[in-house]
Amino acid sequence: MTAQHWIEAFAASVREHAAGLADADRLAGDGDYGDNLTSAVQRAEKALQATKPDTPGGVLLAVSDGFLATGGTSGPLFGMWFRELGRSVGAELTTAGLAEGAARGAATVQRLGKAEVGHKTMVDAMVPAASALAAGGPLDEALDRAAAAALQGAESTKDLVARRGRASYVGEHAVGVVDPGARTVALFFAAGAQVTSA
Amino acid sequence: MTAQHWIEAFAASVREHAAGLADADRLAGDGDYGDNLTSAVQRAEKALQATKPDTPGGVLLAVSDGFLATGGTSGPLFGMWFRELGRSVGAELTTAGLAEGAARGAATVQRLGKAEVGHKTMVDAMVPAASALAAGGPLDEALDRAAAAALQGAESTKDLVARRGRASYVGEHAVGVVDPGARTVALFFAAGAQVTSA
Amino acid sequence: MTALFNEPAGFVAEALAGFARAHAGLIRYEPDPGYVVRANPAAKVALVSGGGSGHEPLHTGFVGAGMLDAAVPGAVFASPTAAQIRAAVRAADRGRGVLLVVKNYTGDVLNFSIAAELAAEDGIDVRTVLVADDLATDSADGPGRRGTAAVVAVEKIAGAAAEAGADLDAVADIATRVAASARTLALAFTACTAPGRDRPAFELGPDEIEFGVGIHGERGIEVRKAAPAAELVAQLAEPVVDALGLAAGEKVIALVNGLGATHGLELAVAHEELVSFLAARDIVVARALVGSYVTALDMKGCSITLVRAPAEFVDRWDAPVRTPALTW
Amino acid sequence: MTALFNEPAGFVAEALAGFARAHAGLIRYEPDPGYVVRANPAAKVALVSGGGSGHEPLHTGFVGAGMLDAAVPGAVFASPTAAQIRAAVRAADRGRGVLLVVKNYTGDVLNFSIAAELAAEDGIDVRTVLVADDLATDSADGPGRRGTAAVVAVEKIAGAAAEAGADLDAVADIATRVAASARTLALAFTACTAPGRDRPAFELGPDEIEFGVGIHGERGIEVRKAAPAAELVAQLAEPVVDALGLAAGEKVIALVNGLGATHGLELAVAHEELVSFLAARDIVVARALVGSYVTALDMKGCSITLVRAPAEFVDRWDAPVRTPALTW
Ligand SMILES: Nc1ncnc2c1ncn2[C@@H]1O[C@H](COP(=O)(O)OP(=O)(O)O)[C@@H](O)[C@H]1O
Ligand SMILES: Nc1ncnc2c1ncn2[C@@H]1O[C@H](COP(=O)(O)OP(=O)(O)O)[C@@H](O)[C@H]1O
Ligand SMILES: [Mg+2]
Ligand SMILES: [Mg+2]
Ligand SMILES: [Mg+2]
Ligand SMILES: [Mg+2]
């Protein structure tokens, strides 16, 4: 598989789930997550078309640029996360590179956003995904594991009261809602797993 | 008599009639004439105290300054009228000097305000008063005639529709009201007549 | 709503004291009889303007090198007295004569012309230029077009001529030509509320604008429907272009002026639309001034002024100016 | 009521285009990704600031010689993106490093700190100064004091240091000291209405003011009774004097800032009252800036900022500046 395919699959998945993600932010936030995410992905696709990067790292950096050019809280945080992924992956898509990038990315997001695991944010999916990748192994297996870990992390946010982001303003009302940022991380790894096993 | 006494008598007369003059401007104008006039007279008195002019012309010029320092339409027009009176009277209060000043004054007011006799303004009293003075004779007689002419001119405005000033905006509503500016001219000459004959 | 004041009666005097204090290096305020003069006068033809207050920064904000030598503020929306103007003329005169820049209102015309006569008697050479640019009041009878934002262009350009050493005739001449080359039209979204009053001078529905307003909070010539900026700008600019008979290829100086409560972003949008509107007619905006320069207290709205601009005007426009409200 | 616009979505971009067009000699606007830079860059430490739009002339009006090298505007009241900021930093950098001047809001802090990391990776030496001056938000927990009008003093003084050739450490140091020396408090008479909205963010009774407002149209900390200017100014100035611990004999730079729809005469009155208030405490206003510089669209109200001012700050304040909104 190529990073390009992965991003195409991710973009398709985002579009498919956009309405549900928007709803989640509406229930526990300010409702703009769906717009923020789809416009970030669209910008990423444009950047890819314009720059046609020839390494997987370059592809991920183009995605990073798409998110960094997007507002809200998720835009800049995902932008930095994809940036670390891109820089670590570099010229070749390997489990080791991805693992390193996911670890660095989660750390950067935590440093900037000051969220811990359990605060009901994207971090709740990023950290377990990074751990899953850190175990190594062939790329397809590693991505399967990362996708499963991220999904589980995302689902775990459902019963939490948020401690960061706008969801933290609504208190108990956020309980029962899966954090859309975390869900997006799961969609990303799921897209990778799907493309490698295809 | 001295010009100083004349102005004192005029000031007293203005204060006595202020309410009535204000009412007239309220009925056919914007209602500020009473304030404009009394504050002009007060400024004139202050100027007289401050500068203590030693000629009758100087006294009239101080009154001019009081009016010129006052707003509205009447302030600047009376200011210029008194100015011409003061310049023509000069060192000695004579019928000839007063006559010249009243003629020049009326002409200046007409040039600046563009009102003819019959337009229901101060001009309706200024012009006949100037004619009365122009006939010459001893000062006390001349002033008696000027006062009578000015009063008649002022009374003649009662039945007119105004063609200048704010009263012209109210059309027929001004009919029945004596123009307060013209009335003030009559008060001025009446004060002079009263002081000379006393 | 004019909200920051102590007593309505002392409002203007206190504001002028504060304004002069904030710009002490440039101007000085004489509270009695009430005028503002340059802190550092120059030996040249003097320019003196004035009028009712409530239009700030006009005229006090334009006192300084390259523009006015004195400004004479009356009470809010009321002419200054002849005595004030005369005192300002005396203070401003440097023996080269004085140009009075007068906006066309009955009270201003009366008091400035009286002051001009008094100043002439004081031995001062005085000329007057009347600014009458507002197309909303362009009718055959009546007192003629009101003087509004074009006065800024007159003061800037004639001020530059004076600063460059032109004599009184030449300064009066260029001022007259600028005034003759400029027309303005304005609209408002809300009226203003004078200090001490508890309601605006008039009310508009949410989808209404007042078209053809002046700068004293009075109603305009008609109520129109609110519309996108592009359309409103066209409604203002088209009659101005027509009145000046501007043809393709001509150059203008454009003033996009806020009436008091209009945000800078809005004026910038109006400017962008004005430039497009004119470009479509092949009219070139040689220079532009975009901001709130001639206000009606906190009225929300804007005016558009175009000045047909030969190279001579543009050069004078570009000359340095250093005043509280305009510096380049 | 923001009334002059075409569509809310395109409002800021069109306004910036118009603004840059009106000040073409001083600044240039890059619509993609959206920032404003000096037209004539200088070889020196660069200053870059930014934040949500709606506060104009802040920050775009302060781009030019002696102040900012670039400004990065977001949508109305929304942080610019890290990508915008990064692009502006790249455009502004002249190899001597870049100081980011950031007002303390969660979105701004996040995006500017990401941009700072990206710029560092681009090989650009970056420092950040956080401006957090608003006493209305001075509580122990929470995100800390908001950044408001003091940012103008930070940009002016640090900008002068950079223009004079100071290195990045020195520029960051003086910026930090100015920010630490400045506190602000604001009140409002009316709220603002964002483009496309049909009502103001909040309503007040005719005899009420909103005390402790910020610059995003949000409610303040309490509703108080309207009062004469002297009293309102004291209510703003006293906590500022106390927070800075200003003692008799000390000097300050005072900023009397309008929030958008406040008339110049009103701000001048407020300034006069502020000077009296401080004089009674033997505090000297060494320099003052009175005008609408940090606005909240068309909010009616004002803020008072005091900056404790050693001679070093006053000298930098006096240094020449040439930007669309500030020139001397
Ligand atoms: N401090 C934080 N650290 C990490 N992620 C966060 C933080 N705050 C919010 N998020 C993530 O951002 C998502 C919301 O993004 P978005 O709607 O773009 O932000 P905004 O709150 O600015 O509207 C949340 O679902 C959460 O995953
Ligand atoms: N054009 C004019 N020429 C001469 N006198 C005039 C003219 N217009 C008004 N007046 C005089 O001014 C008086 C009103 O003065 P005042 O109330 O001070 O003026 P305003 O209309 O400015 O309130 C009138 O009674 C009338 O005599
Ligand atoms: Mg959101
Ligand atoms: Mg949001
Ligand atoms: Mg009257
Ligand atoms: Mg009146």
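Residues numbered from 1 in each chain as written. Chains lettered and ligands numbered in written order. Predicted model: local features only at pLDDT ≥ 70, side-chain atom pairs only at ≥ 80, totals over all residues. Heavy atoms only, no water.

This next bit is on the overall build of chain A. Helix and strand counts for chain A come out as 8 helices and 0 strands. For chain A, the sequential pattern of α-helices and β-strands runs α-α-α-α-α-α-α-α. Oriented by its inertia axes, the alpha-carbon framework of chain A measures out at about 45 × 35 × 30 Å. A burial count over chain A gives 54% of its 198 residues as buried. Put simply, chain A shows about 8,200 Å² of open surface, and 51% of that area lies on carbon and sulfur atoms. Of note, chain A has its 17 positive side-chain charges centred 6 Å away from the centre of its 22 negative side-chain charges. (Helix = DSSP H or I, 4+ residues; strand = E, 2+ residues; numbered from the N terminus. Buried < 20%, exposed > 50% of the residue type's maximum accessible area, 1.4 Å probe, protein only. Areas by Shrake-Rupley, 256 points an atom, 1.4 Å probe, with all protein chains shown as cover. Lys, Arg positive; Asp, Glu negative; His and termini not counted. Charge placed at Lys NZ, Arg CZ, Asp CG, Glu CD.)

Turning next to the coordination of the magnesium ion (ligand 3). Residues and elements named next belong to chain A. The protein atoms donating to the magnesium ion (ligand 3) are D25 (OD), D30 (OD) and D32 (OD), with metal-donor distances spanning 2.1 to 2.4 Å. Sequence positions of the residues that donate to the magnesium ion (ligand 3) give the spacing D-x4-D-x1-D. Between the magnesium ion (ligand 3) and the magnesium ion (ligand 4), a spacing of 3.7 Å is present, and a bridge between the two is formed by D30. Judged by its relative accessible area of 38%, D30 falls in the partly exposed class. Classification of D32 by relative accessible area gives partly exposed; the value is 27%. (Donors = N, O, S within 2.8 Å, 3.2 Å for Na, K, Ca; no water.)

Residues and elements named next belong to chain B. Looking at the secondary structure, you find D25 in helix α1 (residues 3-27). Judged by relative accessible area, D25 falls into the buried class, the value being 10%. Spatially, the C-alpha atom of D25 lies 24 Å from that of E8, the residues being 17 residues apart in sequence. Those residues in contact with D25 that lie beyond four places of it in its chain are D30, G31, D32, Y33 and P180. (Contact = heavy atoms within 4.5 Å.)

Bringing the site of ligand 2 into the picture now. Residues and elements named next belong to chain B. Around ligand 2, the surrounding shell holds 19 residues, and the nearest of these are D30, N36, T73, S74 and D179. G113 places a polar main-chain atom, nitrogen or oxygen, 2.9 Å from a nitrogen atom of ligand 2. Counting residues per element, the ones that place at least two in the shell around ligand 2 are α2 (33-51), α4 (74-89) and α8 (180-197). Here the residues of the shell around ligand 2 are counted per class, giving 5 nonpolar, 8 polar and 6 charged. (Near = heavy atom within 4 Å. Polar contact = N/O pair within 3.5 Å; in protein donor to acceptor, adjacent residues only side chain to side chain. Nonpolar A, V, L, I, M, F, W, Y, C, P; charged D, E, K, R; others polar.)

Once that is clear, we can look at the sheet that holds strand β2 (residues 35-38) of chain D. Residue and element names in this part refer to chain D. Strand order in the open sheet formed by 6 strands is β1-β2-β4-β3-β5-β6, with mixed pairing between adjacent strands. Only two strands of the sheet have a single neighbouring strand rather than two, namely β1 (27-30) and β6 (126-131). On average, each strand axis in the sheet is inclined to that of its neighbour by 20°, with strand direction left out of account. Sheet topology places β1 next to β2; 4 bridges connect them, and they run antiparallel. The residue of β2 that forms the bridge with Y29 is V36. Strands in contact with helix α1 (residues 11-22) are β1, β3 (46-53) and β4 (70-76); relative to β1, the strand with the most contacts, it is inclined by about 150°. (Pairing = 2+ DSSP bridges. Axes fitted to C-alpha atoms, helices over the stretch in contact; angles between N-to-C directions.)

Okay, the packing of helix α2 (residues 82-92) of chain C against helix α3 (residues 106-121) of chain C next. Residue and element names in this part refer to chain C. Packing of α2 against α3 brings their axes to within 8 Å, and their N-to-C directions diverge by 45°. Here α3 runs oblique to α2, going by the angle between their axes. Crossing geometry of α2 relative to α3 is assigned as right-handed. Contacts from A82, I85, R86 and V89 of α2 reach α3 at N111, F112, I114, A115, L118 and A119. (Parallel < 35°, antiparallel > 145°, perpendicular 65-115°, else oblique. Left-handed = near helix turned anticlockwise from the far one by under 90°.)

Quick look at the interface of chain B and chain C now. Contact with chain B, which involves 15 residues of that partner, is made by 11 residues of chain C. The largest per-residue losses of area from chain B upon contact with chain C belong to L68, R83 and L112 of chain B, which jointly make up 42% of the total buried on that side. Here chain B and chain C share 3 salt bridges between them. Residues R83 of chain B and E121 of chain C are paired through a salt bridge, measuring 2.1 Å at the closest nitrogen-oxygen approach. Where chain B meets chain C, there are 5 residue pairs in polar contact (both at pLDDT 80 or more). Those elements that provide at least two residues to the side of chain B that touches chain C are α3 (56-68), α4 and α5 (95-113) of chain B. Per-element tally for the side of chain B that touches chain C: the top contributor is α4 of chain B, with 5 residues. When its residues are assigned to classes, the side of chain B that touches chain C shows 6 nonpolar, 5 polar and 4 charged. (Buried area = accessible area lost by both parts, 1.4 Å probe. Salt bridge = Lys/Arg side-chain N within 4 Å of Asp/Glu carboxyl O.)

Our focus in this paragraph is the domain arrangement of chain C. Residue and element names in this part refer to chain C. The assigned domain composition of chain C is domain 1 (11-181) and domain 2 (182-317). A separation of 22 Å is found between the C-alpha centroids of domain 1 and domain 2. Counting from both sides, the interface comprises 35 residues of domain 1 and, opposite them, 37 residues of domain 2. Summed over both partners, the interface of domain 1 with domain 2 buries about 2,900 Å², with 66% contributed by carbon and sulfur atoms. On the domain 1 side of the interface with domain 2, the three residues burying the most area are F77, L135 and S181, jointly 21% of the side's total. Counting across the domain 1 and domain 2 interface gives 2 salt bridges. (Domains from an automatic or database assignment.)

This part takes up the coordination of the magnesium ion (ligand 5). All names here are of chain B. On the protein side, the magnesium ion (ligand 5) has D25 (OD), D30 (OD) and D32 (OD) as donor atoms, found 2.1 to 2.4 Å from it. As a motif over one chain, the donors of the magnesium ion (ligand 5) read D-x4-D-x1-D. Between the magnesium ion (ligand 5) and the magnesium ion (ligand 6) the interatomic distance amounts to 3.7 Å, and D30 serves as a bridging ligand to the pair.

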